[in-house]
Amino acid sequence: MNYYERIQQAIEYIESQLQEETSITDIASKAYFSAFHFQRVFQAISGFTVQTYIRKRRLSEAAILLENTEQSVLEIAVAFQYQSQEAFTRAFENCFGLTPGRYRRNPSSVTKQAKIRFLDLQTRRIGDVDMKKPTIIQVDPIPIIGRAYETNLNNDKHFEEIPGFYHDFGVTESYLRIPGQRTPGMSYGIACNFEASGAFTFIVGEEVHKQANELEQGFINFEIPSGKYAEFVAHGPHGLVQDTRNYIYGTWLANANYERTDGPDFEITDVMNSTFPHDLKIKIYIPIK
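What counts, and where the lines are drawn
Residues numbered from 1 in each chain as written. Predicted model: local features only at pLDDT ≥ 70, side-chain atom pairs only at ≥ 80, totals over all residues. Heavy atoms only, no water. Helix = DSSP H or I, 4+ residues; strand = E, 2+ residues; numbered from the N terminus. Buried < 20%, exposed > 50% of the residue type's maximum accessible area, 1.4 Å probe, protein only. Areas by Shrake-Rupley, 256 points an atom, 1.4 Å probe, with all protein chains shown as cover. Lys, Arg positive; Asp, Glu negative; His and termini not counted. Charge placed at Lys NZ, Arg CZ, Asp CG, Glu CD. Pairing = 2+ DSSP bridges. Axes fitted to C-alpha atoms, helices over the stretch in contact; angles between N-to-C directions. Core = buried A, V, L, I, M, F, W, Y, C linked by side-chain atoms within 4.5 Å. Expected span 1.5 Å × (residues − 1). Arc of directions from axis to C-beta.

K.L.:
Can you help me understand the overall build of the protein chain in this one?
P.N.:
Scanning the protein chain from N- to C-terminus turns up 10 helices and eight strands. Overall size of the protein chain, expressed as C-alpha extent along the three principal axes, is 70 × 40 × 35 Å. Taken over 289 residues, the protein chain has a buried fraction of 48%. Taken as a whole, the protein chain presents about 14700 Å² of accessible surface, with 48% of it coming from carbon and sulfur. Computing the positive centroid from 29 side-chain charges and the negative centroid from 36, the protein chain places the two 4 Å apart.

K.L.:
Looking at this structure, I do not really get the sheet that holds strand E7 (residues 265–270). What am I missing?
P.N.:
Backbone hydrogen bonds are what pair the strands of a sheet, in a parallel or an antiparallel way. Strands sit in the order E1-E6-E8-E7-E3-E4-E2-E5 across an open sheet of eight strands; the sheet is antiparallel. Single-partner strands in this sheet number two, and they are strand E1 (135–139) and strand E5 (220–224). Strand-to-strand, the axes of this sheet are offset by a mean angle of 35°, without reference to chain direction.

K.L.:
Please clarify how the pairing of strand E4 (residues 199–207) should be interpreted in this entry.
P.N.:
Walk down a regular strand and you will see the side chains alternate between the two sheet faces. Burial runs high along E4: nine of the nine residues are buried. Pairing between strand E2 (residues 142–152) and E4: nine bridges, direction antiparallel. Directly across from Ala148, in E4, lies its bridge partner Ile203. Hairpin connection from strand E3 (residues 186–192) to E4: six residues lie between these consecutive antiparallel strands, with Asn193 at a positive phi of about 55°.

K.L.:
For this particular structure, what's the right way to read the nonpolar core?
P.N.:
Taken as a class, soluble globular proteins show a tendency for nonpolar side chains to be buried jointly. Judged by nonpolar contacts, the single largest core of 55 residues is most densely connected at Phe38 and Phe88. Considering every element that reaches this core, the biggest residue donor is helix H4 (residues 50–68), with eight residues. Among the nonpolar cores identified, the runner-up in size contains 16 residues, and Tyr149, Phe169, Val208 and Ala212 belong to it.

K.L.:
What am I meant to see in helix H9 (residues 157–171) here?
P.N.:
Along an α-helix, residues three or four positions apart point the same way, because every turn accommodates 3.6 residues. The terminal C-alpha atoms of H9, which comprises 15 residues, lie 22 Å apart, in line with the 21 Å expected from a rise of 1.5 Å per residue. Those residues of H9 that sit buried are His158, Phe159, Ile162, Phe165, Tyr166 and Phe169. One face of H9 carries all of its buried residues, which in axial projection span an arc of 110°. More than 90 degrees from the buried face of H9, the exposed residues found are Glu160, His167 and Val171. Backbone geometry just after H9 places Glu173 at a positive phi near 55°.

Everything listed is a geometric property; what it means functionally is a separate question.
Okay, structure coming up:
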C-alpha cells in the first residue's frame, strides 16, 4: 500500500467519524503512520492540516443539515462535536462568512464547501517543485552541542519560527560558546522529540568532536543517530527550504521505495556561504529504510 492509499484510508476513516469524537493517533493508525508524521505527510500532500480538514468537512456537512432538516442549530452543533452553539456559530461564520441562522434562511451554493477528494490532491501536488533526486548515504553518529527550541506543525508555525531560532542562535553568539567544534561555520538544525499534538523540538547547534560533560546554561548535548539518510540539496531562497520539505513529504516519499524511520531529521547550513533570505546553501537529511 503506497502513501496515497494510506492517506486515502485515513481520510475514509475521518469521513466515517465526522459526528464522533476521534484523535490524531486513531486517524494516523489507519494509515500506519505515527501521529506526528501522519500530520506532516497529510499537510505536505494536501496543503492543510488534519485539524483543518476535519473542521471544514464537519462544517460542510453541518451546512447540508441546516438546509435540508429541521434540526436545531444546537442539535447540529452537538452532533459535530462542538461544545456549545456559540462555538459552532463562530466556526461556521469564520468558514462561510455568515451565521448558521442566516445560512438556513438563505442557503447559497457558493458557501457550500465541496467534499475534498484525495485523488485531486494527489494530482495537484505531484510536480509542484522541480527537485533533483536525493543522494542516499550512510551517516555515522554525529555528536552535537546546541540550543533547543520548541515549535509545532500546526498552521505551519514551524516554518515561521525556525528562522527566528537560527537568528537567536546567531545574535547571542551561541556558536562561539560551543567547545570542540568540528566543522565551524556549518550550522545544524535538528527536528526531534515528535509529539502526537504536532509539537516538536528544533535544535540549532554545531557538530563537535565529542559531547561535553559540562555545558553552559541553555546548551544541550545531542547525537544524530547513525543510519541511512536521503540527502536533499536546497540551494536558493529561503522559501525553497519549505518547498523542499513539502516535496519530500508530499511527493518524494509517496513515490519512492523508501519509508521514513521514526528518528530525527536534520539540515546543515553552510553559514559562511549563505545569505539570508535570498541565497541559502542547505542540505536536508531524512532518515529512511
